[in-house]
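Chains, contacts and geometry: an overview
Here is what each chain is made of, one letter per residue.
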Amino acid sequence: IYVQMEDEIASMNSVLGASWAGVKAMTATSGPGFSLMMENVGLGVMTETPCVLVNIQRAGPSTGLPTSVGQGDMMQARWGSHGPYEIIAIVPNSPQEMFELTITAFNLSEKYRVPVLIMSDEVVGHMSEKVVIRRIAPQELVQRRRPTVSPEDYLPYATDGDLVPPMALAGEGYRFHITGLTHDERGYPAMNAVAQDRLVRRLVDKIRLNKKDIIRYEEAWVDDAEVVVCAYGIAARVARHAVQMARSQGIRAGMLRLITVWPFPEDHIRQLAQEVKAFLVPEVNYGQIVLEVERCACGKAKTVLLPHMGGGVHQP
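Residues numbered from 1 in each chain as written. Predicted model: local features only at pLDDT ≥ 70, side-chain atom pairs only at ≥ 80, totals over all residues. Heavy atoms only, no water.

Our next topic: the layout of surface pockets. Rolled over the atoms, a probe with the dimensions of a water molecule shows which regions are left empty. Of the volumes computed, that of the largest pocket is approximately 530 Å³. Along the wall of the largest pocket there are 19 residues; nearest its centre are I1, Y2, V3, V15 and M26. Those elements that place two or more of their residues in the lining of the largest pocket are α1 (8-20) and β1 (26-29). A total of five residues in the lining of the largest pocket trace back to one element, the largest contributor, which is α1. Of the residues assigned to the lining of the largest pocket, the class counts are 11 nonpolar, five polar and three charged. What the second largest pocket holds in volume is close to 290 Å³. As for the second largest pocket, its lining consists of 16 residues, and the residues nearest its centre are G42, M46, H82, G83 and G180. (1 Å grid on protein atoms, 1.4 Å probe; cavity = no way out; pocket = protein on both sides within 12 Å on 5 of 7 lines; lining within 4 Å. Points joined across faces, edges and corners; volume = space filled by probe spheres on them. Helix = DSSP H or I, 4+ residues; strand = E, 2+ residues; numbered from the N terminus. Nonpolar A, V, L, I, M, F, W, Y, C, P; charged D, E, K, R; others polar.)

Given below as structure tokens:
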């Protein structure tokens, strides 16, 4: 079912409402639309609403180049809404991965009750390649955990130790209060520092403590590498060819492709930093994820940005 709303703010709000009504809901946007959706992404984080948002990144700032490539929204994906929270952001680099990783995004959103971002880019979004629409087994699809208690005993934000509360659906007889305010287990506003501390710790920890389940990346030629090219999206496809060219010339280059960018695979990059001389980070922006690579390298390996402002991609 597709619904056309009047703007991006209403679109994201409708997605949240649809999710509470029991369907798997998503929306898609680009550039300024992503900015407009950020307020309700924060609402989705606070209300723990599973949903998916696709951002086909274009060159900015502002209206920028509406139909040309960029990767300038990567930090906005992590910090675009206000307050302390964690988010999941996945970056496909092909039309096939747009299909496969959308399934992954929905599964993660349902499992952890959090909005999941698919941070693609214009080149992948407009790319024509073979896509296999495979048959999906029911067991591949994660469904949100439902309450096992009676409506009289149900607390919308009570957990049983795994940090993610079961989710009742609107219209099933359960009474619940859903608010963007700091709230207690009943969902009622709780305007004090103790409730804020308890709630924020759980919202953050349900992602941070499950990083090993969430984070995905792909490596090639890293075992003997002195320089590792770290890239994502369309920049990673260009970079892979560049690494192959370098190796053919005797340069010990390796490739680390980020599939999950948030949460960031910091433990793995810290380990790599002890084994290589440098990281090279090509991005279709003026430097965003390179800052995270540099932070995790902790000075043990040099980190070099190779930027492209957008409107096109790097040459290998």
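What follows deals with the sheet that holds strand β6 (residues 217-220). The five strands are arranged β6-β8-β7-β10-β11 in an open sheet whose pairing can be described as mixed. Either end of the sheet is taken by a strand with one partner, and the two such strands are β6 and β11 (302-307). Strand-to-strand twist in this sheet, taken as the mean axis angle between neighbours without regard to direction, amounts to 20 degrees. Bridging between β6 and strand β8 (residues 253-258) involves four bridges; their strand directions are antiparallel. Paired with Y217 across the bridge in β8 is L258. In the packing of helix α8 (residues 233-248) onto the sheet, the strands contacted are β6, β7 (227-231), β8 and β10 (278-283), and the crossing angle to β8 comes to about 170 degrees. (Pairing = 2+ DSSP bridges. Axes fitted to C-alpha atoms, helices over the stretch in contact; angles between N-to-C directions. Contact = heavy atoms within 4.5 Å.)

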